[in-house]
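Next come the chains, spelled out residue by residue.
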Amino acid sequence: MEPEIKIRGYHTDLYQHVNNARYLEFLEEGRWQLLEDYINLEEFMNKGFRFFVVNINISYKSPVIVNDVIVIKSGLGKIGNKSVVFKQQLINKVSNVVCADADITFVIADLNGKPLRVTGELKEKFQKIPIFKG
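Residues numbered from 1 in each chain as written. Predicted model: local features only at pLDDT ≥ 70, side-chain atom pairs only at ≥ 80, totals over all residues. Heavy atoms only, no water.

(A) Just the overall build of the chain, in detail. Secondary structure summary: the chain contains three helices and five strands in total. Starting at the N terminus and ending at the C terminus, the chain contains elements arranged as β-α-α-β-β-β-β-α. Dimensions along the principal axes, computed over C-alpha positions, put the chain at roughly 45 × 25 × 25 Å. Counting over 134 residues, the chain shows a buried share of 38%. Contacts spanning at least 24 positions in sequence make up 65% of the contacts within the chain whose residues lie at least 6 apart. Approximately 7800 Å² of the chain is accessible, and the part contributed by carbon and sulfur atoms is 48%. For the chain, the separation between the mean place of its 18 positive charges and that of its 16 negative charges on side chains is 5 Å. (Helix = DSSP H or I, 4+ residues; strand = E, 2+ residues; numbered from the N terminus. Buried < 20%, exposed > 50% of the residue type's maximum accessible area, 1.4 Å probe, protein only. Contact = heavy atoms within 4.5 Å. Areas by Shrake-Rupley, 256 points an atom, 1.4 Å probe, with all protein chains shown as cover. Lys, Arg positive; Asp, Glu negative; His and termini not counted. Charge placed at Lys NZ, Arg CZ, Asp CG, Glu CD.)

Following this line, the structure appears as structure tokens:
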């Protein structure tokens, strides 16, 4: 499912467009939806797995203003040895213009915060997530 967010006044700054920090919140909403769609998060957490974002690379492409509706597209970028990358886009629903592109890298850690290798069952879970097609 691709979440949609209608931009409200509280999302904007003095310049009447969405502040850069808000984009991170929108992207997080998209990641949570993606994870909920493909991974049983309760089971994942009960096994002692934790997600930690370690890098966010975002390119702001086009401003978003009040009353715009954005669609958050998310998918798998790549699976590394100890990290996973999600690719995401924020797209203006009416104009279909890409407002932002992002690569979010995260690790899976155990209860002590030690990063785990993404192999076996853990890798299989992430391979169920569709590859990002922007």
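(B) Region of interest: helix α1 (residues 20-38). Here α1 is 19 residues long and its end C-alpha atoms lie 28 Å apart, about the 27 Å a rise of 1.5 Å per residue gives. Within α1, burial applies to Tyr23, Phe26, Leu27, Gly30, Arg31, Gln33, Leu34 and Leu35. Here α1 starts with a cap whose side-chain oxygen sits 2.8 Å from the backbone nitrogen of Ala21, and that cap is Asn19. (Expected span 1.5 Å × (residues − 1). Polar contact = N/O pair within 3.5 Å; in protein donor to acceptor, adjacent residues only side chain to side chain.)

(C) Representation of the pattern of salt bridges. Overall, the coordinates contain eight salt bridges when judged by the stated rule. Close ionic contact of Glu43 with Lys47 constitutes a salt bridge, the shortest N to O distance being 3.9 Å. By relative accessible area, Lys47 is classed as partly exposed at 41%. Between Glu121 and Lys125 there is a salt bridge, and its shortest N-O distance comes to 3.8 Å. Of this pair, Glu121 and Lys125 both sit in helix α3 (residues 120-127), four residues apart, roughly one helical turn. (Salt bridge = Lys/Arg side-chain N within 4 Å of Asp/Glu carboxyl O.)

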